[in-house]
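One letter stands for each residue in the lines below.
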Amino acid sequence: MKNLVTEFSLESLFAELPQFYARGVTELTVHDKTLAADKKAVCALLERIACTAPDLFVSIAVDVSCIDPQVVEKAAQVWCSIEIPLTALERNGTLLFDKKRYASKAALLNRAGIVFGFDMDWALLPGDTFRAFRERLDFATTLYPNHIDFEQIERDIVPRSTGVYSSKDIDFSRGMAFACVTFYSCGRAVPWFNAVLRPLKISPSSFFADFEEWQHCNNCSYETGFVPQNADHHDIEKMQLLFLKEKYEEKNKGHLFAAVHDIVTLHGAFSRVADGGTETVLETAYNPDDVLSPAAQDIARFCDNTCEEPCTVTVFLKNDNVDYKIH
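Report follows, based on the coordinates. Being a predicted model, the structure only gives us computed values, none of them experimental. (Residues numbered from 1 in each chain as written. Predicted model: local features only at pLDDT ≥ 70, side-chain atom pairs only at ≥ 80, totals over all residues. Heavy atoms only, no water.)

1. Side note on helix α8 (residues 167–185)
Next, step 1: Taking 1.5 Å per residue as the helical rise, α8 with its 19 residues ought to reach 27 Å, and the 26 Å between its terminal C-alpha atoms agrees with that figure.
Next, step 2: Most of α8 sits inside the fold, with 15 of its 19 residues counted as buried. (Helix = DSSP H or I, 4+ residues; strand = E, 2+ residues; numbered from the N terminus. Expected span 1.5 Å × (residues − 1). Buried < 20%, exposed > 50% of the residue type's maximum accessible area, 1.4 Å probe, protein only.)

This is the structure in structure tokens:
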């Protein structure tokens, strides 16, 4: 795969698409603010990719206002990830954040099985506060995005403190954001994150704040130069399990951890097989059929009503689909 950063007009991009495969280009990122706000241009690009480069993976930024059934239909025809800026609108020094709009658009994408993520920020707009950032972050995870990104971390943009957003809270926000990228996004936690947090009775932002402190103590924080995007997923999974075990014991929920362990490791194995095709063998405390059922979304009830059944499980790729067998 070739990594190339360049600028294209939409017309020149259309002209180049048929040549991408021959040139070894397998992934395309289109994060242009003008295009993201133009529904017709988004649809045109998705249509052209479907026709001329169907094997190309495209990450395309799309404003939440443009997401509707037509865009969703076009996106379903290609291999893509929709990147949605999740931010408030500043009006006269006040931030307005439309939860209903984001929730309805995310529901459209989730129902169609389309991968999407959120791009977030903190302390960049007048009127933003530490509390408002935490509320946005808590809300974002409830919509099951595949990932949550923060351009500020990638570009090391440090906003100035204001009367309502202190420098200390800006540092806290960066720590939460970095922890979110590590644990949620690079940890591929979307299938189980909300279910695993529920018994802990802790908000996502508080959870990320605690995990950031854990990262700092274990030399894998932003300050120590750890880059989660470069880490092996299996290593991040080990971090997730160590931290979750601590949290479950701290909350006197240690009796639920065996189920949590199975949920995290099974979904992790599925994601790694889907990503690289490498077969994985696991030992589970519960039958995988039970762990992967909707019942496991309520972990406390699951443990009360499901008997442990230790299994050896092989997760593998079969006809381009991830499957598993119990030994």
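2. Notes on unusual backbone geometry
Next, step 1: Here R188, not a glycine, exhibits a phi torsion of approximately 50°, which is positive.
Next, step 2: Checked against the element boundaries, R188 lands in the loop between α8 and α9 (193–197).
Next, step 3: We classify R188 as partly exposed; its relative accessible area is 28%.
Next, step 4: Unusually for a residue other than glycine, D320 sits at a positive phi of about 70°.

3. As for the pattern of salt bridges
Next, step 1: Considering all chains together, one arrives at 13 salt bridges under this definition.
Next, step 2: The salt bridge partner of K74 is E47, with a shortest N-O separation of 2.5 Å. Placement of K74 in helix α4 (residues 69–75) and of E47 in helix α3 (residues 39–52) is noted, with a sequence separation of 27 residues between them.
Next, step 3: The closest approach of N and O atoms between R174 and E223, which form a salt bridge, is 2.9 Å. (Salt bridge = Lys/Arg side-chain N within 4 Å of Asp/Glu carboxyl O.)

4. Some details on the nonpolar core
Next, step 1: Core analysis: the biggest nonpolar cluster contains 99 residues, and I82, F150, F207, F208 and L244 have the highest contact counts within it.
Next, step 2: The biggest single contributor to this core is α8, with nine residues.
Next, step 3: In contact with I82, not counting residues within four places along its chain, are I60, V62, I67, A75, I114, V115, F116 and G117. (Core = buried A, V, L, I, M, F, W, Y, C linked by side-chain atoms within 4.5 Å. Contact = heavy atoms within 4.5 Å.)

5. Here's the deal with the packing of α8 against helix α10 (residues 204–217)
Next, step 1: Put simply, α8 and α10 touch, their axes get as near as 8 Å, and they point 90° apart. Of the possible angle classes, the one that applies to α8 and α10 is roughly perpendicular. Where α8 approaches α10, its residues G175, M176, F178, A179, C180, T182, F183 and Y184 are matched on the opposing element by S205, F207, F208, A209, F211, E212 and Q215. (Axes fitted to C-alpha atoms, helices over the stretch in contact; angles between N-to-C directions. Parallel < 35°, antiparallel > 145°, perpendicular 65-115°, else oblique.)

6. A closer look at the side chain of Q152
Next, step 1: With respect to the helices and strands, Q152 occurs in helix α7 (residues 151–155).
Next, step 2: Residue classification places Q152 among the buried positions, given a relative accessible area of 4%.
Next, step 3: Apart from residues lying up to four places away in sequence, Q152 is in contact with M120, D121, W122, L124, I157 and P159.

7. A word on the sheet that holds strand β8 (residues 280–284)
Next, step 1: If you walk across this open sheet you meet the three strands as β8-β9-β10, and the pairing is antiparallel. For this open sheet the edge positions go to β8 and β10 (321–326), each flanked by a neighbour on one side alone. Neighbour to neighbour, the strand axes of the sheet diverge by 30° on average, direction disregarded.
Next, step 2: Examined bridge by bridge, strand β9 (residues 311–318) and β10 share six bridges and lie antiparallel to one another. Across the sheet, residue T314 finds its bridge partner in β10, namely K325.
Next, step 3: Where helix α12 (residues 257–276) meets the sheet, its contacts fall on β8, β9 and β10, and the angle it forms with β8 comes to roughly 170°. (Pairing = 2+ DSSP bridges.)

8. Describing the environment of I60
Next, step 1: Structurally, I60 is set in strand β2 (residues 57–61).
Next, step 2: Residues I60 and L35 lie 25 residues apart in sequence; the distance between their C-alpha atoms is 9.3 Å.
Next, step 3: Non-local contacts of I60, meaning those with residues more than four positions away in its chain, are made with V30, H31, L35, V42, L45, S81, I82 and E83.

Treat this as a map of the structure, not an account of what it does.
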